Every structure is written in structure tokens, then in C-alpha cells.
Amino acid sequence: MKYYRIIFSPTGGTEKVANAITKNWKQIETIDLTLLDTDYAKISFEKDSLVLIAMPSFGGVAPSLALERLSMLKGNGAMCVVTAVYGNRAYEDTLLQMQDYAQTAGFQVITAISAVAEHSIIRKYAAGRPNLNDYKELAEFGDRILEKAASGALSTPVVPGNKPYKKAGVGMIPKANATCTACGLCAQKCPSGAISADQLKLSDKSKCISCMRCVSICPVHARKVSQLMTSVAAAALKKTCSVEKENELFI
Ligand SMILES: Cc1cc2nc3c(=O)[nH]c(=O)nc-3n(C[C@H](O)[C@H](O)[C@H](O)COP(=O)(O)O)c2cc1C
């Protein structure tokens, strides 16, 4: 059996979770769904493979860019595990949507996971997660998935979520302040091509998905979203985000 992980992780939380789940999966190949110049339509999987697909929840749904790229892959009946990673508020329709898109791309969904990672806009929520307990638990989930895949039991899990899926909200658009050194890293690494090399301080509103990659990778911390809007959002989410959520396995 071959093992893969397909990851869309703008700021690294989803990647940490995906790596923890697949800790004991041997010789795993990783496909990064944040790359602009990859021809995802050329990537196909062998039927006898086990594939982890991991994405963050943005406003209770998966980022449409990530789903678009997932749709281009050729699953060819490979077994797959969908994993929604969220910042301790809620993931609402994310898993259901990921499951539907994975099936349409030809994957056979045999397990689903929801997992918590630090909130990529409001860092104080789920700070430090995944923590040591999460790492241990997620690796155990990964081991149970290996057992299920080896047993040949290919049942599809029932996951939470509703249709029509939640509508994705309007995100905050980061921009750079005067400390920007014009190094261009943000433009190189932006998953949606929203930062142009000629106008490094801005983001193209029509392309930006508010994923916070540019904010998190800027070497001089020049790129930011509105402090005021972040504080308002933090206050609104305080109650729901302060109760520690658990990782879940749907198998
Ligand atoms: C635009 C945006 C919307 C988000 N919406 C939610 C949400 O609805 N619920 C939640 O719990 N976390 C939400 N988060 C937090 C992320 O899901 C979480 O931090 C995730 O780990 C980010 O993945 P990454 O580190 O791989 O980029 C949101 C983050 C962003 C950037």
C-alpha cells in the first residue's frame, strides 16, 4: 500500500495535525495544495493507497481554493481520510464538504477527523495546540486508520454538517506597513497569487482568501490585518472559543 498526505496549510497548524496523524504511516509522500504553479490535474493515485486530506476550516467551511484543487486530483478509488482543522470555535460543514469533494474526485472516504490547532487570526484561541496530548491522540487515530485500511472494511463515516453548506464570510485583507523590506517572500508564498511583485504592500481583494500566510511568514512582521477588527472578532468569539474542544475520530 502507498501512503500520501494532501495538505492545505497556510500557517502550519493543519500541517502539524496531518503530520501527527500520519506519524506511523511509512514512506509517505506529501502533496502541498497551496502551490500556485502545480498542475494538480496531473496528480493521480493508485487504488491501493491510503490518502490523508487535511484542510483548515474558514468560517465553518473549507477554503474554496483548496476544494478547487482537490477536485482536480484523480482519486481512482484510493482510500482516504478527510481531516478538518479548526481554531477551537467550530468546523460546522467543513468535514461534510471535504467528504463530498473527495468522493467526487474519486476517493473512497473511510474515516474523518476534526482536530484543533491554534487560531491563525486570533492566536490566543487554542494557543499551543496541537499540544502533547493532541499529538499522542492524533497518532493513535492514525494507527486506528491503518488498522481499518488493512482490514478491508471500507465503510464511509457519518460526519456532522448540513447542506446547503454555510456560505463563506468575507475575510480580513492583510496589508504591509512601513517596515516592509520588499523581500517578496509573501508574493512567492501566497497560495492564491494575491500579492503582486510590483505592489508588495497590498493584497488583491479579488484573490486574497484571508488565509494569513503572508502575515505569518513575513520575516519582519510587516503584514497585518486590522487590529481593531481582530479585537472585535476576538471579543465576539470569546465565549465559544474559550471552552477547550476535543479532537474527534469518525471511523
Ligand atoms: C479566514 C479564517 C477563518 C477561520 N474560521 C474559523 C472558524 O470558522 N472556526 C474555527 O474554529 N477556526 C477558524 N479559523 C482558524 C483556523 O481554522 C485554524 O487556525 C487552522 O488551524 C488554520 O490552519 P493553518 O494553520 O494550516 O493555516 C479561521 C482562520 C482563518 C484564517
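For the structure itself, consult the block above.
None of the values given here were measured: they were computed from a predicted structure. (Residues numbered from 1 in each chain as written. Predicted model: local features only at pLDDT ≥ 70, side-chain atom pairs only at ≥ 80, totals over all residues. Heavy atoms only, no water.)

Participant: It is not clear to me how the pattern of salt bridges should be interpreted in this structure. Could you clarify?
Facilitator: According to the stated counting rule, one finds 8 salt bridges in the structure shown. A salt bridge links Glu 46 to Lys 2; its shortest N-O distance comes to 3.7 Å. Of this pair, Glu 46 sits in the loop between strand E2 (28-32) and strand E3 (49-56) while Lys 2 sits in strand E1 (residues 2-7), and the two are 44 residues apart along the sequence. Ionic contacts of the salt-bridge type, sharing partners, join the residues Arg 89, Glu 92 and Lys 166 into one network. (Salt bridge = Lys/Arg side-chain N within 4 Å of Asp/Glu carboxyl O. Helix = DSSP H or I, 4+ residues; strand = E, 2+ residues; numbered from the N terminus.)

Participant: Looking at this structure, I do not really get the packing of aromatic side chains. What am I missing?
Facilitator: Both the distance between ring centres and the angle between the ring planes are used here to describe each pair of aromatic rings. Scanning all chains against the criterion turns up 4 aromatic pairs. Taken together, a centroid distance of 5.3 Å and an interplanar angle of 55 degrees make the contact between Phe 45 and Phe 107 tilted. Separated by 62 residues along the polypeptide, Phe 45 in the loop between E2 and E3 and Phe 107 in the loop between helix H3 (94-104) and strand E5 (108-116) bring together distant segments of the chain. Note on accessibility: Phe 45 and Phe 107 belong to one class, buried. (Phe/Tyr/Trp six-rings, centres within 6.5 Å; stacked < 30°, edge-to-face > 60°. Buried < 20%, exposed > 50% of the residue type's maximum accessible area, 1.4 Å probe, protein only.)

Participant: It is not clear to me how the sheet that holds strand E4 (residues 79-86) should be interpreted in this structure. Could you clarify?
Facilitator: Whenever strands of a sheet pair, they do so through backbone hydrogen bonds, lying parallel or antiparallel. With mixed pairing, 6 strands are arranged side by side in an open sheet as E2-E1-E3-E4-E5-E8. At either end of the open sheet lies a strand with only one pairing partner, and these are E2 and strand E8 (248-250). Between one strand axis and the next, the sheet turns by 15 degrees as a mean value, whatever way the strands run. With 3 bridges joining them, E5 and E8 adopt antiparallel strand pairing. Looking across to E8, one finds that Ile 113 is bridged to Leu 249. Packed on one face of the sheet, H3 meets E3, E4, E5 and E8 and runs near 150 degrees to E4. (Pairing = 2+ DSSP bridges. Axes fitted to C-alpha atoms, helices over the stretch in contact; angles between N-to-C directions. Contact = heavy atoms within 4.5 Å.)

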